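Breakdown of the fold
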Amino acid sequence: MKKITDTKELERKAVAIRKDILTMLEKAGSGHTGGSLSIVEILLDLYHRRMNIDVKKHDWKGRDKFILSKGHGCPALYAVLSDMGFFPREELWTLRQIESRLQGHPQLGLPGLEISSGSLGQGLSVANGMAIADRMDGVNAKTYCLMGDGETNEGQVWEAAMTAAHYKLDNVCGIIDYNKLQIDGFCCEVMDLGSYKKKWESFGWYTVETDGHDFEELNKNFNEVLQIKGKPQLIVAHTIKGKGVSFIENKAEWHGVAPKKDELERALLELEEAEKKI
Amino acid sequence: MAEGAVKKEATRDGFGKALLDLGGQNKDVVALSADLTESVRAHWFKEKYPERFVSHGVAEQDMISTAAGLALSGKIPFACTFGVFATGRAWDQIRISVAYMNLNVNIAGSHGGISVGEDGATHQALEEIALMRVIPNMTVVVPSDSEEAYAATKHAAGIPGPVYLRLGRAKVPTLSDSSDFEIGKAKVLTEGDDISIIACGHLVAKAMEAAYQLKSKNIQARVINLHTPKPIDREAIIKAARETGALLTVEEHTIYGGMGSAVAEVVSEECPVPIKMMGIRDVFGRSGSPDELFKHFGLNEEHIIEEAVKLVERKGKKSRC
């Protein structure tokens, strides 16, 4: 798999991944649409421009690791992993089926996957454990952990935030998919996250905010935070839940609902139009 | 058994010694603690191998998932805290971060049972065998003395999946040689044909004493140390049911879902015989000395003898109900 660095090419890839996500979800008949569409650019940046991985030898000890703590966003991760060459594309269309390796929430065993996840709030602690192990073994690798904004309601996230800062785990980089919506509605109404960047900073993290859909912005901000030594880093990525499809964007009700056939057709048409404009 | 003639040591001490020795034998062994390092006896390891010790503060959930991350990267972690906190506060982390991925994460849960004593109900783990037993892939071990705890800890490191070790605070007599210890293999301590007394943890010693005294009542009791409630030794239990016809289970744990329940699950399917389960009967623990508490909850030798006599009588009757 050739890694893409060109912004326009990444933008086209993002459209293709979104098409795959929606097609997978429509075939499955259920799944998490909104929070899958919001993390596409973040995943593509990580897998194409950031992470040192070997698709042919995934368990290579020196690899960078990616933890999808918000496990419900797995359709996006599956689509990207397949596109990277970790498993055949046809397998995408088995999402959520009984014999499938593409479980409703990620289950270890699928090539390219680092952990099982789905119960929120646990991924950052797991990432810390991997980062501590790397440090003990003298392995120079990074562990990235993508969390949802609603997920950070979980107290364990803040326990892990303290641990990473206490141990100065500068080999950990957290990313928040800050799409401002969770199942019950707007985050600020369900459980207000308050001055989010300040919270993470006060927990000892080097924190930046970025547009989570703009590849130039992502590149600039990742390049900045990855220079930081002695502190874990956090990227608050401002995103749009359901990004890319007008009738799905910014609607909490699309959190855990898959598109129906006609909705898929309309969505694919919209995405094709968007692709032409790149 | 004469007091003073046998060595007395807490099972947590056996764990701590084994952890220290494992540290010297395998550089991948690491320890994590949630602010109770000395109480769980992980401080000997911490002092010798500080670079392989992770302090978490009072954050059990973070500790368990961090242990999972360490195990995913090839380490053999031992996560140490009190049993109540490890299994109660971090149950979902054990279920998803650890057991679902079948990782070699070993959880040392100290202060199991009422023998914790004066700290009272909040600190006495009385439900954790049940809580751990219901999770797929989990192994649950309840050592009966320090030597057995040492052996169990060494074995746990070598098992690829997760292990929960229930450890105690109170000093208990060292009963037997543990060189033949094997996880999942029950140990018959005394032979007998009238009844089987199946015990685990601290109550194995009391079961032995009861069996000794039952001889004077002409009851020959088989005492089985069921140190591994999961995976359970079905063969030993079925054999005991067939050969002795009645089972008395004794544990320092709620009778709901604990070792006794595990025995009953096997027997009711394979060879139904009268069973009496001794343990904590749907109440919380309380403050008091361990001796006072064993008396209060009816878990002393005399109580075991009383129940054994009643059970042997019941076994002989046509209607056992």
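Residues numbered from 1 in each chain as written. Chains lettered and ligands numbered in written order. Predicted model: local features only at pLDDT ≥ 70, side-chain atom pairs only at ≥ 80, totals over all residues.

Comments concerning the overall build of chain A
For chain A, the helix and strand inventory stands at ten helices and seven strands. Here chain A has a C-alpha radius of gyration of 18 Å; the compact-globule value for 278 residues is 19 Å, and the two agree. Seen through its principal axes, chain A has C-alpha atoms that stretch 50 × 45 × 40 Å. Sorting the 278 residues of chain A into buried and exposed places 51% on the buried side. (Helix = DSSP H or I, 4+ residues; strand = E, 2+ residues; numbered from the N terminus. Rg over C-alpha atoms; globule rule 2.2 N^0.38 Å. Buried ≥ 20, exposed ≤ 12 C-beta atoms within 10 Å, placed from the backbone.)

Observations regarding the overall build of chain B
Tallying secondary structure elements over chain B gives twelve helices and 13 strands in all. Computed over the C-alpha atoms, the radius of gyration of chain B is 19 Å, within 12% of the 20 Å expected from 2.2 N^0.38 for a compact globule of 321 residues. Seen through its principal axes, chain B has C-alpha atoms that stretch 60 × 40 × 35 Å. Look at the contacts in chain B between residues 6 or more apart in sequence, and 79% of them connect residues 24 or more apart. (Contact = placed C-beta atoms within 7 Å.)

Remarks on the nonpolar core
As a rule of thumb, nonpolar side chains are buried together in soluble globular proteins. Membership of the largest hydrophobic core comes to 179 residues, with the highest contact counts inside it found for Leu43 of chain A together with Ala68, Ala79, Leu165, Ile197, Ala207 and Ala308 of chain B. When residues of this core are assigned to domains, at least three fall in each of domain 1 (8-173) and domain 2 (187-315) of chain B. (Core = buried A, V, L, I, M, F, W, Y, C linked by C-beta atoms within 7 Å. Domains from an automatic or database assignment.)

What about the domain arrangement of chain B?
Residues and elements named next belong to chain B. The domain boundaries assigned to chain B delineate domain 1 (8-173) and domain 2 (187-315). Across the boundary between the two partners, domain 1 contributes 27 residues, which contact 30 residues of domain 2. For the side of domain 1 that touches domain 2, the elements supplying multiple residues, two or more each, are helix 6 (128-133), strand 6 (139-141) and strand 8 (171-173). Here the side of domain 1 that touches domain 2 is composed, by residue class, of 13 nonpolar, nine polar and five charged. (Nonpolar A, V, L, I, M, F, W, Y, C, P; charged D, E, K, R; others polar.)

Quick notes on the interface of chain B and chain A
Taken together, the contact pairs 23 residues of chain B with 19 residues of chain A. Of all the secondary-structure elements, those providing two or more residues to the side of chain B that touches chain A are helix 3 (60-72) and helix 5 (91-99) of chain B. The biggest single contributor to the side of chain B that touches chain A is helix 3 of chain B, with nine residues. Of the residues that constitute the side of chain B that touches chain A, the class distribution is nine nonpolar, nine polar and five charged.

Quick word on the pairing of strand 7 (residues 163-166) of chain B
Residue and element names in this part refer to chain B. The alternating pattern of strand 7 places Val163 and Leu165 on one face and Tyr164 and Arg166 on the opposite face, and all of these are buried. Across four bridges, strand 5 (residues 106-110) lies against strand 7 in parallel orientation. Following the sheet pairing, asparagine 106 is matched in strand 7 by valine 163. Here strand 6 pairs with strand 7 via three bridges, running parallel. Each residue of the ladder has a partner; that of valine 140, found in strand 7, is tyrosine 164. (Pairing = 2+ DSSP bridges.)

Brief notes about helix 6 (residues 155-166) of chain A
Taking 1.5 Å as the rise per residue, helix 6 of chain A with twelve residues should run 16 Å; its terminal C-alpha atoms sit 17 Å apart, in good agreement. Looking at helix 6 of chain A, one finds that the buried residues are Gln156, Val157, Glu159, Ala160, Ala161, Thr163 and Ala164 of chain A. Along its buried surface, helix 6 of chain A packs onto helix 5 (123-137), strand 2 (143-148), strand 3 (172-178) and helix 8 (196-202) of chain A together with helix 3 of chain B. Backbone geometry just after helix 6 of chain A places lysine 168 of chain A at a positive phi near 50 degrees. (Expected span 1.5 Å × (residues − 1).)

A word on the packing of helix 3 (residues 40-50) of chain A against helix 4 (residues 74-84) of chain A
All names here are of chain A. At a minimum axis distance of 10 Å, the contact between helix 3 and helix 4 shows a crossing angle of 35 degrees. The interaxial crossing formed by helix 3 with helix 4 has right-handed handedness. Here Val40, Leu43, Leu44 and Tyr47 of helix 3 lie close against helix 4, whose contacting residues are Ala76, Leu77, Val80 and Met84. Across the contact of helix 3 with helix 4, the residue classes break down as eight nonpolar, no polar and no charged. (Axes fitted to C-alpha atoms, helices over the stretch in contact; angles between N-to-C directions. Left-handed = near helix turned anticlockwise from the far one by under 90°.)

Overview of the environment of valine 84 of chain B
Residues and elements named next belong to chain B. Take valine 84: it is sitting in helix 4 (residues 83-89). With 24 C-beta atoms counted inside 10 Å, the residue valine 84 sits in the buried group. Placed 18 residues apart in sequence, valine 84 and threonine 66 show a C-alpha to C-alpha distance of 19 Å. Beyond its immediate chain neighbours, meaning those up to four positions away, valine 84 contacts His123, Ala125 and Glu128.

Some points on the sheet that holds strand 10 (residues 195-199) of chain B
Residue and element names in this part refer to chain B. Ordered in space as 9-11-10-12-13, the five strands form an open sheet in which the pairing is mixed. The open sheet has two edge strands with one neighbour each: strand 9 (187-190) and strand 13 (275-280). Adjacent strand axes in the sheet meet at a mean angle of 25 degrees, parallel and antiparallel pairs treated alike. Sheet strands in contact with helix 10 (residues 259-270) are strand 10, strand 12 (247-254) and strand 13, and its direction is about 145 degrees off that of strand 12.

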